[in-house]
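Residue-level structure breakdown
Chain by chain, the residues run as shown.
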Amino acid sequence: MNDNHTKTISKTTNIVKKKFKIMNNKFDVIVVGAGHAGVETAYAAAKMGSKTLLITLDKTKIALMPCNPSIGGLGKGHIVYEISALGGLMPKLCTQTYLQARMLNTRKGPAVQGLRLQIHKFEYSKKAYEILEKVENLTIHEAMVTEIITEDTINNTIKKITGIKTSNNREFLAPTVIITSGTFLNGTTHIGFETEEAGRMGELAVPKLTKSLENATGVKFKRLKTGTPPRLLKSSIDFSKMEKQQASELDYLFEFDPVKTEEKVSCFITTTNEKTHEIIQTNLEKSALFGGQISGIGPRYCPSIEDKIKRHPNRNSHHVFVEPDGENLEKIYPAGISTSLPLDIQEKYVRSIPGFKNAIFTDPGYAIEYDFIEPNNLKHSLESKSVDGLFFAGQVIGTTGYEEAAGLGLVAGINAHLKINNQEAFILNRTESYIGVMIDDLITIGIDEPYRMFTSRAERRLILRQDNVFLRLMPYGKNLNLIDDKLYNKFLKEKEIIQNSMKIINSLETQSEIFKLFHSIDWTKEIQSKSKEILFNLYSKKIESKINLEDLTSRILLCIHAKIRYAGYIEKEKAEVEKILKFQALKIPKEINYSQMPGLSVELQNKLKKHTPGTIAQAQLIPGMTPAAISILIFKSKIIEKDRW
């Protein structure tokens with residue numbers, strides 16, 4: 001029997017197995033939606049051993065990037081690293097499909113830097129499908145879900161999920177269902193005053209599921225809005241009028257194993273100008289956003305170009321990041337000019353931007369509105385408070401971005417598996433991960449706009465770094481059976497080297513050459529090389545466990561540098577945490593004037609005015625509230641209280 005015949009038999013057997021699973025229609029976990037949240041949910045649940053069904057409208061658009069063809073960035077990159085440490089899929093796909101790698105914020109310390117990758121978005125989607133198709137326990141099925149099936153529990157206090165129903169009246173049964181519907185629940189696209197029911201441009205919306213979810217949960221869903229810019233024909237763009245963005249030379253991407261990066265495509269920057277702004281300003285009333293067509297709330301940190309012009313009338317320009325949709329592809333994505341203006345106005349303002357004078361549109365920009373459930377209706381496990389076994393993750397609970405969705409999807413998939421096996425839920429603390437920060441923000445206080453991750457949201461961001469993510473979280477991934485033994489043994493070796501290296505350095509005087517090198521503010525390649533050489537020589541003399549020079553990787557050196565460089569700040573941070581804990585019950589005076597408090601950003605002033613916290617503990621729950629801001633509140637509250645007496 002030849003190899004081709006064997007492969008044909010194997011492929012046929014797998015198809016029969018998949019069809020048999022569908023015919024049986026009983027599963028442990030059902031995932032509704034195959035965007036970035038759904039993919040991670042299904043991958044985690046199936047890898048952990050749950051019989052999982054992933055339902056999607058279109059198998060060819062699994063893990064599609066309908067907006068920015070990139071993954072990572074400030075805050076967002078930290079989430080992807082954490083997905084990697086926990087054994088998720090997104091980092092693996094990134095390694096296989098990246099086009100350019102850039103480390104952002106390199107002028108600042110390692111705690112607030114962020115890895116951002118330009119991605120071949122069509123290859124990313126294709127690879128996601130190929131990998132998921134081979135995952136044991138996972139079945140992918142095309143259908144539209146129109147209804148969830150529930151039953152009353154014995155005590156009738158809450159309902160219990162039992163399955164879902166599709167548009168062709170087929171039922172699939174499971175004790176857990178995860179809704180990862182993205183922008184598809186009653187999705188409506190807007191181009192000027194032209195509207196269309198669509199989950200994404202040219203794709204079906206899901207019109208009936210929201211009502212079923214509302215009836216089951218007893219929660220009225222609300223509307224959010226996001227948008228995307230037009231796509232432009234690459235050959236019509238003059239790149240000589242733009243600034244090229246330099247790629248970074250890196251030893252690692254998001255995965256644990258090293259990758260020597262290469263730039264496969266180039267990215268560029270251009271800017272809007274006064275003419276651009278004038279065109280937009282004079283046509284604001286034609287925008288769906290300002291013309292009254294859109295009721296959903298848009299993201300403050302990724303606004304449409306017309307929203308930027310409206311909010312910042314005195315700014316003369318805004319950056320436009322010119323990025324390819326893929327390698328050797330003709331579509332270009334101009335990040336920063338998403339819009340809901342009519343097509344003829346889009347063409348006018350785009351062609352006023354340097355490099356776009358002769359731009360040809362391949363796709364119009366558009367805004368999209370969709371239904372979501374407010375996340376404070378969920379537990380920290382992402383399970384509904386009112387329907388046992390019903391979970392939500394991704395944009396349907398108010399986030400924006402592929403990375404946030406994937407992080408939530410991973411946690412939902414883990415917890416669905418743990419639930420059906422009667423195990424305790426997996427809850428990440430906000431002091432140990434950005435995913436924990438995100439979930440705590442969402443569940444504790446809810447949202448009033450699409451949620452996006454920033455490093456400033458984490459109170460302990462000096463500890464929640466990219467370089468130490470595997471030390472923080474990989475043991476969890478191993479305990480959850482999402483990290484294999486081979487990878488975990490590599491991690492244990494790295495952990496041992498870091499621990500031994502810290503012992504060596506801490507045993508020396510702070511005036512020693514090695515300490516000064518690792519404490520240096522500028523972590524240049526020359527300093528890294530010298531630090532590595534001296535540390536290796538010391539290691540060989542003082543530690544019984546021998547290593548090679550190559551074992552002192554750039555990630556290990558960076559981790560040691562951060563531990564030493566931030567040591568004093570981390571101690572101070574711990575003292576701040578203790579101080580905040582001590583004053584949690586302190587009342588914030590009603591007459592306090594947040595606008596006249598130096599040290600508070602305008603954003604935090606506005607949030608404090610809106611939420612009007614009564615105590616320091618309540619102020620802590622406001623997303624983005626920093627330890628420094630809490631210290632200012634404590635100080636000001638004590639001063640006002642003292643003056644009263």
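Residues numbered from 1 in each chain as written. Predicted model: local features only at pLDDT ≥ 70, side-chain atom pairs only at ≥ 80, totals over all residues. Heavy atoms only, no water.

1. Examining the packing of helix H2 (residues 36-47) against helix H10 (residues 402-420)
- With their axes 7 Å apart at the nearest point, H2 and H10 run at an angle of 30° to one another. Between H2 and H10, the interaxial angle falls into the category roughly parallel. For H2 against H10, the interelement crossing comes out right-handed. Here H2 contributes His36, Ala37, Glu40, Thr41, Ala44 and Ala45 to the contact with H10, which in turn contributes Tyr402, Ala405, Ala406, Gly409, Leu410, Ala412, Gly413, Ile414 and His417.
- A class-by-class count of the residues in the contact of H2 with H10 yields nine nonpolar, five polar and one charged. (Axes fitted to C-alpha atoms, helices over the stretch in contact; angles between N-to-C directions. Helix = DSSP H or I, 4+ residues; strand = E, 2+ residues; numbered from the N terminus. Parallel < 35°, antiparallel > 145°, perpendicular 65-115°, else oblique. Left-handed = near helix turned anticlockwise from the far one by under 90°. Contact = heavy atoms within 4.5 Å. Nonpolar A, V, L, I, M, F, W, Y, C, P; charged D, E, K, R; others polar.)

2. Points about the packing of aromatic side chains
- Applying the stated rule across the entire model yields seven aromatic pairs.
- With a centroid separation of 5.0 Å and an interplanar angle of 75°, the aromatic rings of Tyr81 and Phe254 are classed as edge-to-face. Of this pair, Tyr81 sits in helix H3 (residues 76-85) while Phe254 sits in the loop between strand S15 (243-245) and strand S16 (267-271), placing them 173 residues apart in sequence. The same class applies to Tyr81 and to Phe254, which are both buried.
- On the basis of an interplanar angle of 40° and a centroid distance of 4.9 Å, the ring pair of Phe239 and Phe268 is categorised as tilted. With Phe239 in the loop between strand S14 (231-233) and S15 and Phe268 in strand S16, this residue pair connects regions lying 29 residues apart in the sequence.
- When its relative accessible area of 15% is taken as the criterion, Phe268 is described as buried.
- Above the ring of Tyr252, the side-chain terminus of Arg555 is found at 4.1 Å from the ring centroid. (Phe/Tyr/Trp six-rings, centres within 6.5 Å; stacked < 30°, edge-to-face > 60°. Buried < 20%, exposed > 50% of the residue type's maximum accessible area, 1.4 Å probe, protein only. Lys NZ or Arg CZ within 6 Å of the ring centre and 35° of its normal.)

3. As for the pattern of salt bridges
- One pass over the structure, following the stated rule, counts 29 salt bridges.
- Among the salt bridges present, the one from Lys220 reaches Glu214, with a minimum N-O distance of 3.9 Å.
- We classify Glu214 as buried; its relative accessible area is 11%.
- Of the charged contacts in the structure, one is a salt bridge between Asp440 and Arg430, with a shortest N-O distance of 2.8 Å. With a gap of ten residues between them, Asp440 in helix H11 (residues 434-445) and Arg430 in the loop between H10 and H11 connect regions that are remote in the sequence. Both residues of the pair, Asp440 and Arg430, count as buried.
- Ionic contacts of the salt-bridge type, sharing partners, join the residues Lys160, Lys379, Glu383, Asp388 and Lys419 into one network. (Salt bridge = Lys/Arg side-chain N within 4 Å of Asp/Glu carboxyl O.)

4. Some thoughts on helix H6 (residues 209-217)
- The element H6 is largely enclosed, with a buried count of seven among its nine residues.
- Among all positions in H6, only Leu209, Thr210, Ser212, Leu213, Glu214, Ala216 and Thr217 are buried.
- A positive phi of about 75° marks Gly218, the residue just after H6.

5. What to know about the nonpolar core
- Ranked by size, the top nonpolar core spans 114 residues in total, and within it Ile30, Ile71 and Phe392 carry the most contacts.
- At ten residues, the largest contribution of residues to this core is made by H10.
- When residues no more than four places from it in sequence are discounted, the contact partners of Ile30 are Leu53, Ile55, Ile164, Phe172, Leu173, Ala174, Thr176, Val177 and Ile178.
- The next biggest cluster of nonpolar side chains, apart from the first, holds 22 residues, and it includes Ile497, Ile527, Leu535 and Leu538. (Core = buried A, V, L, I, M, F, W, Y, C linked by side-chain atoms within 4.5 Å.)

6. Some remarks on unusual backbone geometry
- With phi around 65°, Asn105 is a residue other than glycine that occupies positive phi space.
- Backbone geometry at Asn137 places phi at a positive 80°, although glycine is not the residue there.
- Mapped onto the elements, Asn137 comes out in the loop between helix H5 (121-134) and strand S6 (138-142).
- Residue class for Asn137 comes out partly exposed when judged on its relative accessible area of 25%.

7. So, the sheet that holds strand S4 (residues 98-104)
- Ordered by their spatial adjacency, three strands build an open sheet running S3-S5-S4, and the pairing between neighbours is antiparallel. Because the sheet does not close on itself, it has two edges, and the strands there are strand S3 (70-72) and S4. The mean inter-strand angle of the sheet, taken between neighbouring strand axes irrespective of direction, is 20°.
- Sheet topology places S3 next to strand S5 (residues 114-119); three bridges connect them, and they run antiparallel. Of the residues in S5, the one forming a bridge with Ser70 is Gln118.
- Running over the sheet, H3 touches S3, S4 and S5 and is turned about 80° from S3. (Pairing = 2+ DSSP bridges.)

8. Describing the packing of H3 against helix H12 (residues 469-479)
- Contact pair H3 / H12: the axes reach a minimum separation of 7 Å and the direction vectors enclose 40°. As far as their axial angle goes, H12 and H3 are oblique. Listed contacts from H12 to Tyr81, Glu82, Ser84 and Ala85 of H3 are Val469, Phe470, Arg472, Leu473, Met474 and Gly477.
- Of the residues in the contact of H3 with H12, the class split is six nonpolar, two polar and two charged.

9. Notes on the sheet that holds strand S11 (residues 188-191)
- Across the sheet, four strands lie side by side as S12-S11-S20-S13; this open sheet has antiparallel pairing. Each edge of the open sheet carries a strand with a single partner, namely strand S12 (194-197) and strand S13 (222-228). Neighbour-to-neighbour, the strand axes of this sheet turn through a mean angle of 25°, independent of strand direction.
- With seven bridges joining them, S13 and strand S20 (residues 366-372) adopt antiparallel strand pairing. Bridged to Lys225 within S20 is Glu369.

10. Things to note about the confidence of the model for the protein chain
- The predicted model of the protein chain has a mean per-residue pLDDT of 91, with 94% of residues at 70 or higher.
- pLDDT under 50 marks residues 5-9. Its contacts with residues more than four places away, or in other chains, come to two contacts. (pLDDT = per-residue confidence, 0-100.)

11. With respect to the environment of Lys357
- Looking at where Lys357 falls in the secondary structure, it is placed in the loop between helix H9 (343-350) and strand S19 (361-363).
- Along the primary structure Lys357 and Asp238 are separated by 119 residues, whereas in three dimensions their C-alpha atoms are 8.0 Å apart.

12. Structural notes on the environment of Ser531
- The topology assignment puts Ser531 in helix H15 (residues 525-542).
- Taking the relative accessible area as the measure of exposure, Ser531 reaches 0% and is therefore buried.
- Sequence separation between Ser531 and Asn273 is 258 residues; the distance between their C-alpha atoms is 46 Å.
- The contact partners of Ser531, leaving out residues within four places of it in the chain, are Ile514, Leu517, Phe518 and Trp523.
- There is a polar contact of 2.7 Å between the side chain of Ser531 and the backbone oxygen of Ile527. (Polar contact = N/O pair within 3.5 Å; in protein donor to acceptor, adjacent residues only side chain to side chain.)

13. A short note on H10
- For H10, built from 19 residues, the straight-helix expectation of 27 Å at 1.5 Å per residue is met to within 8% by its first-to-last C-alpha distance of 27 Å.
- Across the 19 residues that make up H10, a large majority, 17, are buried. (Expected span 1.5 Å × (residues − 1).)

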